[in-house]
Amino acid sequence: MKSYRKELWFNTTQRREFINITTDVENCIDESGIKEGFVLVNAMHITASVFINDDESGLHHDYEVWLEKLAPEKPHSQYRHNGFEDNADAHMKRQIMGREVVCAITKGQLDFGPWERIFYGEFDGKRRKRVLVKIIGE
Ligand code: ZN
């Protein structure tokens, strides 16, 4: 069995952002040389997510609105976590959108349905953060 590890780094210009990382993950699979196996992609921070869904800007806007209803950023004082920090909402948004995805690799490619794409979800951005890509297989 072969294994492969890589970190993808991000530094978003906004506090909240969704970034399509499907091509980055595909490049990792190519680089690994693994044809049959699994790829794990996880955020290495507790205020960011990795998730799979459609690459459609309307949907991404709807996520933003929905997440703001569930865990509004402001007022910052509504959260006990916000003392030295102001990111309690980001911890909650990340919990809903998930930490990681695991995808099948078949014949050297992501074994995906037609509209599945992998996203990095940033909820407390404007600083350097990373995602782990771990691939096992042969
Ligand atoms: Zn925090």
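Quick caveat, the model's predicted, so the values are computed rather than measured.

A look at the coordination of the zinc ion
- Within the first shell, the zinc ion binds the protein through His81 (NE2), Glu85 (OE), Asn87 (OD1) and His91 (NE2), at distances of 2.0 to 2.3 Å.
- Here the zinc ion is ringed by 4 donor atoms whose angles at the metal span 86 to 161 degrees, and the overall shape comes out irregular.

Here's the deal with helix H3 (residues 88–97)
- With 7 of its 10 residues buried, H3 lies for the most part within the structure.
- Where H3 is concerned, the buried positions are Ala88, Asp89, Ala90, His91, Lys93, Arg94 and Met97.
- Those residues of H3 that are buried are in contact with strand E4 (48–53) and helix H2 (57–70).
- Positive backbone phi, at 95 degrees, marks Gly98, one or two positions downstream of H3.

Points about the sheet that holds strand E3 (residues 37–43)
- With antiparallel pairing, the 5 strands of this open sheet are ordered in space as E1-E8-E3-E5-E6. Lying at the two open borders of the sheet, with one neighbouring strand each, are strand E1 (2–11) and strand E6 (109–110).
- As paired strands, E3 and strand E5 (residues 100–106) are joined by 6 bridges and run antiparallel to one another. By the bridge assignment for E5, Val41 is matched with Val101.

Describing the environment of Asp30
- Position of Asp30 among the secondary structure elements: in helix H1 (residues 22–32).
- Each C-alpha atom of the pair Asp30 and Gly108 lies 7.0 Å from the other, and the pair is 78 residues apart in sequence.

Overview of the pairing of strand E7 (residues 117–122)
- Burial analysis of E7 places 5 of its 6 residues in the buried class, the great majority of the element.
- For strand E2 (residues 17–20) and E7, the ladder comprises 4 bridges, and the chain directions are antiparallel. By the bridge assignment for E7, Ile19 is matched with Tyr120.
- Bridge count for E4 against E7 is 6 bridges, and the pairing is antiparallel. By the bridge assignment for E7, Ser49 is matched with Gly121.

The rules we used
- Residues numbered from 1 in each chain as written.
- Predicted model: local features only at pLDDT ≥ 70, side-chain atom pairs only at ≥ 80, totals over all residues.
- Heavy atoms only, no water.
- Donors = N, O, S within 2.8 Å, 3.2 Å for Na, K, Ca; no water.
- Tetrahedral: all angles 85-135°; square planar, octahedral: opposite > 155°, others 65-115°.
- Buried < 20%, exposed > 50% of the residue type's maximum accessible area, 1.4 Å probe, protein only.
- Helix = DSSP H or I, 4+ residues; strand = E, 2+ residues; numbered from the N terminus.
- Contact = heavy atoms within 4.5 Å.
- Pairing = 2+ DSSP bridges.

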